[in-house]
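Examination of the molecular architecture
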Amino acid sequence: MALRTSTVGCRWSGPAPPVVIHSRAPRLSIQIHSTRESWPRLRLRDQACRKSCFIKGLPIKAAAETYHESLPDQDVLTEHLDALSAQVSPLLNGTCLYLVGMMGSGKSTVGKLVATLLGYQILDVDSLIQDQTGRSVPQIFAEEGEQAFRDLESKVLQELMTTKDAVVSTGGGAVMREENWGYMSQGVVIWLTGPAELLSRRALQDGTKSRPLLSASSSGSTEGRDEYAATLAKVTRILSEREHLYARADLHIPLGVSPQDPGERGATPADVAYRLLTALAERLKTGADKQVAAAA
Ligand SMILES: Nc1ncnc2c1ncn2[C@@H]1O[C@H](COP(=O)(O)OP(=O)(O)O)[C@@H](O)[C@H]1O
Ligand SMILES: O=C(O)C1=C[C@@H](OP(=O)(O)O)[C@@H](O)[C@H](O)C1
């Protein structure tokens with residue numbers, strides 16, 4: 001792939017904090033560093049080459065980074081999302097989408113966006129439990145324990161079995177009970193999958209109080225460790241226990257900017273929705289093609 005370097009030109013004055021510019025597909029991430037006062041160093045991360053080059057006299061390091069899920073530009077993303085949802089809606093025909101994944105993976109955030117695009121309602125299992133019981137999730141965990149919460153979670157999922165036209169944002173632990181898979185099999189189960197580092201940072205950004213399994217009082221001492229390290233340890237452990245369960249989902253949607261993304265940042269909610277709808281369109285089209293072939 002050729003680097004479209006001609007559009008990259010830059011003048012720099014003063015001290016340079018690293019800046020990351022997200023560019024167009026196939027995605028380049030351009031970091032601007034200042035190694036010397038006068039000449040910033042541009043670092044292009046791209047899929048096809050790993051070499052140094054010069055752009056307009058500036059030293060450029062182009063680093064290889066395989067990135068097969070190229071995303072559209074943010075400015076054309078809305079059009080892509082509209083086109084994809086128009087394609088997916090008739091094929092879905094009211095079938096529910098169940099979003100599964102770890103705490104902080106964006107099930108509620110992406111779920112709302114996808115629901116809006118498809119003209120679906122968004123149903124959040126934790127919120128439904130809270131509405132039914134008049135108590136918050138941490139309260140239920142504290143007063144009755146995790147198993148009581150899991151019973152409520154299964155009850156809500158069972159009640160949703162006959163629902164149509166909804167994106168269901170499940171709680172991160174819903175995949176742990178076999179019976180829940182029976183309820184969710186009425187729809188398409190979609191796993192939002194990202195690295196523990198990204199999930200931990202997002203959970204901390206929200207504050208861990210609302211997620212009892214990550215709160216300071218949950219198992220796994222935070223003594224002698226900072227909050228991020230303690231949260232990362234918990235998230236890593238929970239993820240390793242559940243990964244094989246999440247993997248049972250019909251679709252796996254990565255949250256990183258690229259497969260090599262160390263979790264510093266994630267794809268935007270719109271990017272994740274784009275990946276989700278693309279994968280869903282492919283899946284539904286293949287299913288529809290198979291049905292047509294079987295009928296012929
Ligand atoms: N793609 C994203 N990019 C940036 N922040 C996100 C993204 N998805 C979710 N977030 C943020 O991460 C946090 C957790 O998201 P949330 O949707 O509540 O996750 P979940 O429902 O899976 O627990 C929230 O603060 C939300 O705003
Ligand atoms: O992973 C889990 O076991 C849980 C995830 C939470 O939901 P989110 O995934 O929406 O944070 C909530 O259901 C409860 O705190 C337990």
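**A few points about the nonpolar core**
Core analysis: the largest hydrophobic core is formed by 36 residues, its most contacted members being Tyr 98 and Val 100. Top contributing element to this core by residue count: helix H8 (residues 227-246), with six residues. Ala 115, Val 167, Val 272 and Ala 273 belong to the second-largest nonpolar core, a separate cluster that totals 31 residues.

**Let's talk about the site of ligand 2**
Ligand 2 sits among 13 residues. The nearest are Lys 107, Asp 126, Arg 150, Arg 211 and Arg 242. In the environment of ligand 2, an oxygen atom lies 2.7 Å from a nitrogen or oxygen atom belonging to the side chain of Arg 150. One nitrogen or oxygen atom from the main chain of Gly 173 is found 3.3 Å from an oxygen atom belonging to ligand 2. Burial of ligand 2 by the protein chains amounts to 95% of its free accessible area of 390 Å². In the shell around ligand 2, the residues fall into five nonpolar, three polar and five charged.

**A look at the packing of aromatic side chains**
A complete count under the given rule lists two aromatic pairs for this structure. Ring geometry for Phe 141 versus Phe 149: centroids 5.0 Å apart, planes at 45°, classification tilted. In this pair, the class of Phe 141 matches that of Phe 149, namely buried. Centre to centre, the rings of Trp 191 and Tyr 246 are 5.7 Å apart; their planes meet at 20°, and the pair counts as stacked. Within this pair, whereas Trp 191 is found in strand S9 (residues 188-193), its partner Tyr 246 is found in helix H8, the two being separated by 55 residues in sequence. The ring of Trp 181 carries the charged tip of Arg 248 above its face, separated from the ring centre by 4.5 Å.

**Some remarks on the sheet that holds strand S8 (residues 166-169)**
The strand order across the open sheet formed by five strands is S7-S8-S6-S9-S10, and the pairing between neighbours is parallel. Bordering the open sheet on either side are strand S7 (121-124) and strand S10 (251-254), each of which pairs with just one other strand. Between one strand axis and the next, the sheet turns by 25° as a mean value, whatever way the strands run. Relative to S9, strand S6 (residues 97-100) is paired through four bridges, and the arrangement is parallel. Of the residues in S9, the one forming a bridge with Val 100 is Trp 191.

**What about the site of ligand 1?**
The environment of ligand 1 is formed by 15 residues, the closest being Ser 108, Thr 109, Asp 206, Arg 211 and Ala 267. Here Ser 105 contributes a backbone N or O atom positioned 3.3 Å from an oxygen atom of ligand 1. When the free accessible area of ligand 1 is taken as 550 Å², the share hidden by the protein chains comes to 78%. Of all the secondary-structure elements, those providing two or more residues to the shell around ligand 1 are helix H2 (107-118) and helix H7 (196-206). Looking at the shell around ligand 1 residue by residue, the class counts come to four nonpolar, seven polar and four charged.

**Quick word on the confidence of the model for the chain**
Residues with a pLDDT of 70 or more make up 70% of the chain, whose mean pLDDT is 78. Low pLDDT, under 50, characterises residues 1-68; the stretch is placed with 135 contacts to residues that sit more than four places away or in other chains. The ipTM for the predicted assembly is 0.99, set against a pTM of 0.78.

**Comments concerning the pairing of S6**
Here S6 shows a buried face lined by Leu 97 and Leu 99 and a second buried face lined by Tyr 98 and Val 100. Bridge count between S6 and S8: three bridges; the pairing is parallel. Note that in S8 the partner of Leu 99 across the bridge is Ser 169.

**What about the environment of Arg 265?**
Residue placement: Arg 265 occurs in the loop between S10 and helix H9 (269-295). A relative accessible area of 26% places Arg 265 in the partly exposed class. For Arg 265 and Ala 247, which are 18 residues apart along the polypeptide, the C-alpha to C-alpha distance reads 22 Å.

**Notes on helix H4 (residues 137-144)**
Taken together, the buried positions of H4 are occupied by Val 137, Ile 140 and Phe 141. One side of H4 holds all its buried residues, which, seen down the axis, span an arc of 100°. On its buried face, H4 is in contact with helix H3 (125-133) and helix H5 (146-159). Note on H4: the residue one or two positions beyond its end, Gly 145, has a positive phi of about 90°.

**Notes on the pattern of salt bridges**
Opposite charge on two side chains permits pairing when their charged atoms draw close. For the structure on display, the rule yields 11 salt bridges. When the shortest N-O distance is used, the salt bridge between Glu 144 and Arg 135 registers 2.6 Å. Of the charged contacts in the structure, one is a salt bridge between Asp 206 and Arg 211, with a shortest N-O distance of 3.1 Å. Of the residues examined, Asp 206 reaches a relative accessible area of 49% and is grouped as partly exposed.

Calculation notes
- Sequence order as written defines residue numbering, which begins from 1 separately in each chain.
- To label them, take the chains in the order written and letter them from A, then take the ligands in the order written and number them from 1.
- Side-chain atom pairs in this predicted model are given and counted only at pLDDT of 80 or more, local residue features only at pLDDT of at least 70, and totals for whole chains, interfaces and linings cover all residues.
- In computing side-chain properties, one takes all heavy atoms of the structure into account and sets aside hydrogens as well as water.
- Nonpolar cores were defined as sets of buried Ala, Val, Leu, Ile, Met, Phe, Trp, Tyr and Cys residues, with membership established by side-chain atoms within 4.5 Å.
- Burial status follows relative accessibility: with a 1.4 Å probe on protein chains alone, a residue under 20% of its type maximum counts as buried, one over 50% as exposed, and anything between as partly exposed.
- To qualify as a helix, a DSSP run of H or I must reach at least 4 residues; to qualify as a strand, a run of E must reach at least 2; elements of each kind are numbered from the N terminus.
- Think of it this way: one heavy atom of a residue within 4 Å of a molecule or strand is enough to make that residue near it.
- Throughout this description, a polar contact denotes any pair of N or O atoms lying within 3.5 Å of each other; where both atoms belong to protein, one of them has to be capable of donating a hydrogen while the other can accept it, and for residues adjacent in sequence the pair is counted only when both atoms sit in side chains.
- The protein chains shown are the only cover counted for residues, whose accessible areas, like all others here, come from Shrake-Rupley with a 1.4 Å probe.
- As a working rule, the residues Ala, Val, Leu, Ile, Met, Phe, Trp, Tyr, Cys and Pro are called nonpolar, Asp, Glu, Lys and Arg charged, and the rest polar, with Gly in that last group.
- Aromatic pairing here means that ring centres of Phe, Tyr or Trp (its six-membered ring) are within 6.5 Å. Orientation follows from the plane angle: under 30 degrees is stacked, over 60 is edge-to-face, and everything else is tilted.
- By definition, being over a ring means that NZ of Lys or CZ of Arg is both within 6 Å of the ring centre and within 35 degrees of the ring normal.
- One bridge is not enough; two strands pair if DSSP finds at least two bridges between them.
- Angles run from 0 to 180 degrees between N-to-C directions of axes, and those axes are lines fitted to C-alpha atoms, restricted for helices to the stretch in contact.
- Values of pLDDT, the confidence the predictor places in each residue, fall between 0 and 100.
- In this description, contact between two residues means that some pair of their heavy atoms is separated by no more than 4.5 Å.
- Each C-beta atom gives one direction from the helix axis, and the arc is the one those directions make.
- By convention in these notes, a salt bridge is any Lys or Arg side-chain nitrogen within 4 Å of a carboxyl oxygen on Asp or Glu.

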